[in-house]
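# Working through the structure, step by step
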Amino acid sequence: MAIFRPLHLSLPFSPRPLSWLVGVACASSVLGVQAQTQPVAPTAQVAAVTLKEVVISGSRNEQSVDELPMTIDVINAKDIEEGQLQDIRDIAKDIPNVSVRRAPARFSVAGTSTGREGNAGFNIRGLDGNRVLMLVDGIRAPRFYGFGSNAFGRDTLSIDLVKRVELIKGPASALYGSDGIAGLVNFITYEPSDFLKDGKTLGGKATFSYSGDDNTKSASATVAGRASDVVSWQISAATSAGNELSNRGENSAVNATRTTPNPQKDAGKAALAKLVLQPTASQKHVITFEYVDKKTDYELLTARATLPLANVRVVPAAPAAARTAAIAANTAIANAALNVNAFTTMNRNRLTWDARYKLDALVADNLQTVLSLQNTNSREYVFEDRNTSPDRVRDTTYQERALQVSAQADKTIRMSADWSQKLTYGVDYAQTTVINLQTGLVPPAGETFPLKRFPDTVETSSALYLQDEIIGGNWSVTPGVRVDNFSIKPSTTGFPVPVVAVSGSAVSPKLGVVFRASPQWSLFGNYASGFTAPNAGQVNAFFENVTSFYKTIPNGALKPEKSNNFEFGARARLDQLTLDATVFTGKFKDLIEDSRQVSGAGTAANPTVFQSVNIDNATISGFEVKGSMDWGKVGMGKLSTPFSYGEARGKVDNTGLPLDSIDPAKLSAGVRYETAGWDIRLNATHHAAKKTSDIGQQLVTLPLQFAVPASTTYDLSGQWRFTKTTRLNASVTNLTNQKYWNWSSVRGVASTAV
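Residues numbered from 1 in each chain as written. Predicted model: local features only at pLDDT ≥ 70, side-chain atom pairs only at ≥ 80, totals over all residues. Heavy atoms only, no water.

## Section: unusual backbone geometry
Keep this limit in mind: Strands are runs of DSSP state E lasting at least 2 residues, helices are runs of H or I lasting at least 4, and numbering of each runs from the N terminus. Between buried and exposed lies partly exposed: a residue is buried under 20% and exposed over 50% of the maximum accessible area for its type, with that area taken using a 1.4 Å probe on protein chains only.
With an omega of -5 degrees, the peptide bond running from phenylalanine 449 to proline 450 counts as cis. Along the chain, proline 450 falls in the loop between strand E20 (419-441) and strand E21 (457-472). At valine 442, a position not held by glycine, the phi torsion is positive, near 55 degrees. Here valine 442 shows up in the loop between E20 and E21. The backbone phi angle of aspartate 590 is positive, close to 60 degrees, even though this residue is not glycine. By secondary structure assignment, the location of aspartate 590 is in strand E28 (residues 577-599). Judged by its relative accessible area of 14%, aspartate 590 is buried.

Put into structure tokens, the structure is as follows:
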């Protein structure tokens, strides 16, 4: 099997003309049966029957998407292959009301943080950051971390290891607890059984790819085997290397006026090993080791001073104001950056034991236990060569060491011929040690290295949950509730100010209803509450600059963010048309705003004080439509039209101003032609404008926040199936060379910077 990566152009600013570049792909052989979609006989492919998609994230059990009272988007192995998806930004590109922020790398030692975090994380229906829960095989992925000019994103995984992505829109707290107030994204990796079908004892796959937008070259390989009826195994590895994401900037100056990308080198490697033991027909044990390592080197030309640098003569007889201005100018010249270089690293390793037992007992039919250990390390190193002042270094690290333990059981009870219920209940426990540290050379005035932005902290949560799916006739009713307790316990030593410990609890109920009006039509409604507990960096953040008279202080009174959400939808599964339509609305309470000014005037006697506080209540509403129209057989193959549209509106209730994290409306529509040996797709994506009137005053300063114009882009992609086990994917994106910006990537950027 061979795969060609696309020429992605998700442009925070504007891309260079790349619309006609086409990459080259290499073919590779596949051992045994591959996990991705198999080519079928021509007649079967034209008249293929769409099977119901089965997911596990919606109810923590395997279940058809159509049976769940919520909106779930599924990106399966076929979608990943044909869409040539490389990272979490690609995962989100065609999903309505979902985006991933990726700003260009334009940061400096202590100034702007633009682009430090890479792929920052998912935005679902207008909320992002740690309000979206990310999982890998059901295990919590590390959080987004940002403080001041430092930030670490959430792209600590390799899509080459992923078989399926399940994205739940709306609160997932009733089953998963904190951090799921906006939604959940679960990345599910391959297992040996995906490669060992039809009695095969050895199988696997290999992929080679090239992407023209950032010159990324990548390769991955998997080998899986069955040693006996009891033991099977799998080993996967992936590697990649690339450069900066191209844009259409025209100024290549080596200072802040530069609009072309800063030079950048990306490198990544990942490995996945699984051992599956099935000692009896009623037991299955999956032991997983996952390792992901990513590194990026930057040459930050935009952080360099504008040359030439010439000292200003201080005239003794000049007025005091003129002498002060001259001294300040000379100080700025001495501090001017001649060269700024940086690198960031992110690595994550995970060991998980997932055991499943078929009990057929009075209290449970099935039992699943999970034990997982995970360690994540992120580092950012920035070196600044200054004109005559001493050079500066900032070396920042962030670490999460996590333990996750869970036990879940389910019991199906037949109450009559037409009525049954399935109880799912369990317990979750998680403990994470969070550590941050900054060292370097020439710290800010009034500080000494090493320093911490918050103390080493142990965050603990424990929970009980219960869900009951009651099925009778054409109705399904699913109530559920989860009770969470959480605590934040900081280390009391080695921190310059007193710290506070925080604990609390949250009850998250939900109620879902599905009505199957006919075999073709169904309706659903869903109420769900969500919450996000404050984290260590929000509760005990501390920073002080004694020369500039400002500081950040802890807040032990922070409350969890909470929400109440309603969703109503309809599904159609007709002979030629599949359609999902959803409307939603949510009330969000006690949203936490980081680094809000709470007091002070910026003087020595009255310094400015910043703090994380519960400040905003918000309302978010919107709708989504997605589906596909099958026009039937045309010539050698069949013709279809996939489509999706999403729009949301949000406001801060306290002020009535727009909620700036809301993305503009997005429309995606295409024409797809499929035959037994090849297929081709032309897709159009329209992003609505983000007008100045849609931007809240929290970002509208002088100069104004950049308001994104509307844009429409066209992408052409296709697949050629050489043989049953070898395929080539290729695409050309932005066919018309459209100049455009993504709102999520320029949010917080002034109009003068674009």
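## Brief notes about the packing of aromatic side chains
For clarity, the cut-off: Think of it this way: a Phe, Tyr or Trp ring, Trp meaning its six-membered ring, pairs with another when their centres are within 6.5 Å, and the plane angle makes it stacked under 30 degrees, edge-to-face over 60, tilted otherwise.
Going through the model one piece at a time under the given rule, you end up with 17 aromatic pairs. With 6.3 Å between their ring centres and 45 degrees between their planes, phenylalanine 122 and phenylalanine 187 make a pair best called tilted. Taken together, the residues span a long stretch of sequence, with phenylalanine 122 in strand E5 (residues 122-124) and phenylalanine 187 in strand E11 (residues 183-189) at a distance of 65 residues. For phenylalanine 122, a relative accessible area of 0% puts it in the buried group. Both rings, one in phenylalanine 543 and one in tyrosine 550, keep their centres 5.8 Å apart while their planes meet at 35 degrees; by these two values the pair is tilted. By relative accessible area, which is 12% here, phenylalanine 543 ends up buried. Taken together, Tyr145, Phe152, Tyr398 and Phe454 form an aromatic cluster joined through their ring pairs.

## Quick notes on the sheet that holds strand E7 (residues 139-140)
Stated precisely, the cut-off is as follows: Between any two strands, pairing holds if DSSP finds at least two bridges.
Ordered by their spatial adjacency, five strands build an open sheet running E3-E10-E11-E6-E7, and the pairing between neighbours is mixed. Both outer strands of the open sheet, strand E3 (71-75) and E7, are each paired with one neighbouring strand and no more. Here strand E6 (residues 132-136) runs beside E11; their pairing, made up of five bridges, is parallel. Across the sheet, valine 132 pairs through a bridge with glycine 183, a residue of E11.

## Description of the pattern of salt bridges
Defined as follows: Here a salt bridge means any side-chain nitrogen of Lys or Arg lying within 4 Å of a carboxyl oxygen belonging to Asp or Glu.
Inspection of the entire model under this criterion finds 45 salt bridges. Here arginine 672 ties to glutamate 82 by a salt bridge, and the two come within 2.6 Å at their closest N and O atoms. Remark: glutamate 82 occurs in helix H2 (residues 77-83) and arginine 672 occurs in strand E31 (residues 666-674); sequence separation between them is 590 residues. What makes glutamate 82 buried here is its relative accessible area of 15%. Here aspartate 360 makes a salt bridge to lysine 358, at a shortest N to O gap of 3.6 Å. Given the relative accessible area of 54%, aspartate 360 is considered exposed. Bridged by salt links that share partners, the residues Asp73, Arg125, Lys169, Glu567, Glu624 and Lys626 form one connected network.

## Let's talk about the environment of asparagine 119
In plain terms, the rule: By definition, residues are in contact when any of their heavy atoms lie within 4.5 Å. Nitrogen and oxygen atoms within 3.5 Å of one another constitute a polar contact, given that in protein one can donate a hydrogen and the other can accept it, and given that sequence-neighbouring residues count only through two side-chain atoms.
Considering the arrangement of structural elements, one finds asparagine 119 in the loop between strand E4 (98-100) and E5. For the pair formed by asparagine 119 and threonine 460, sequence separation is 341 residues and the distance between their alpha carbons is 27 Å. Setting aside its immediate chain neighbours within four residues, asparagine 119 contacts Asp87, Ile88, Arg89, Val100, Arg101, Arg102, Gly153, Arg154 and Asp155. Looking at asparagine 119, its side chain comes within polar contact range of the side chain of aspartate 155, at 2.7 Å.

## Section: the pairing of strand E10 (residues 162-169)
E10 sits mainly inside the fold: eight of its eight residues count as buried. Where E3 lies against E10, five bridges are found, and the strand directions are antiparallel. Note on E10: the bridge partner recorded for isoleucine 72 is isoleucine 168. Looking at chain direction, E10 and E11 are connected through seven bridges and run antiparallel. Looking at E11, one finds that valine 162 is bridged to threonine 189.

## Things to note about the nonpolar core
Formally: In this description, a nonpolar core means a group of buried Ala, Val, Leu, Ile, Met, Phe, Trp, Tyr and Cys residues linked to one another through side-chain atoms lying within 4.5 Å.
Of all hydrophobic cores here, the largest spans 34 residues; its most connected members are Phe122, Val185 and Phe187. The residues touching phenylalanine 187, leaving out its near neighbours within four places in the chain, are Ile88, Phe122, Met134, Leu135, Val136, Asp137, Leu157, Ile159, Val162, Arg164 and Val165. Counting 14 residues, the second largest nonpolar core, distinct from the first, contains Val65, Leu135, Ile168 and Leu184.

## Description of the confidence of the model for the protein
Here is the rule we go by: pLDDT measures the predictor's confidence residue by residue and takes values from 0 up to 100.
Across the protein, the average pLDDT comes to 88, with 92% of residues at 70 or higher. Of the regions scoring below 50 in pLDDT, residues 1-49 engages in 196 contacts with residues more than four places distant in sequence or in other chains.

## Structural notes on the side chain of glutamine 234
Inspection of the secondary structure puts glutamine 234 in strand E14 (residues 231-243). Owing to a relative accessible area of 1%, glutamine 234 belongs among the buried residues under this scheme. Beyond its immediate chain neighbours, meaning those up to four positions away, glutamine 234 contacts Tyr190, Glu191, Pro192, Phe195, Thr222, Val223, Ala224, Leu272, Ala273 and Lys274.

## Section: a nonpolar patch on the surface
Let me state the cut-off plainly: Only residues whose relative accessible area exceeds 30% and that form no salt bridge enter a patch; like-charged residues are grouped when within 9 Å of one another, and nonpolar side chains (Val, Leu, Ile, Met, Phe, Trp, Tyr) when within 5 Å. In these tables, accessible area is a Shrake-Rupley quantity obtained with a 1.4 Å probe, and a residue counts as shielded only by the protein chains included in the view.
A cluster of nonpolar residues, Leu275, Ile287, Phe289, Leu351, Trp353, Leu371, Leu373 and Val405, forms a patch on the protein surface that exposes about 660 Å² of accessible area. Contributing elements (two or more residues each) for the nonpolar patch: strand E16 (283-299), strand E17 (337-358) and strand E18 (366-386). When you line up the elements, leucine 275 lands in strand E15 (residues 264-277).

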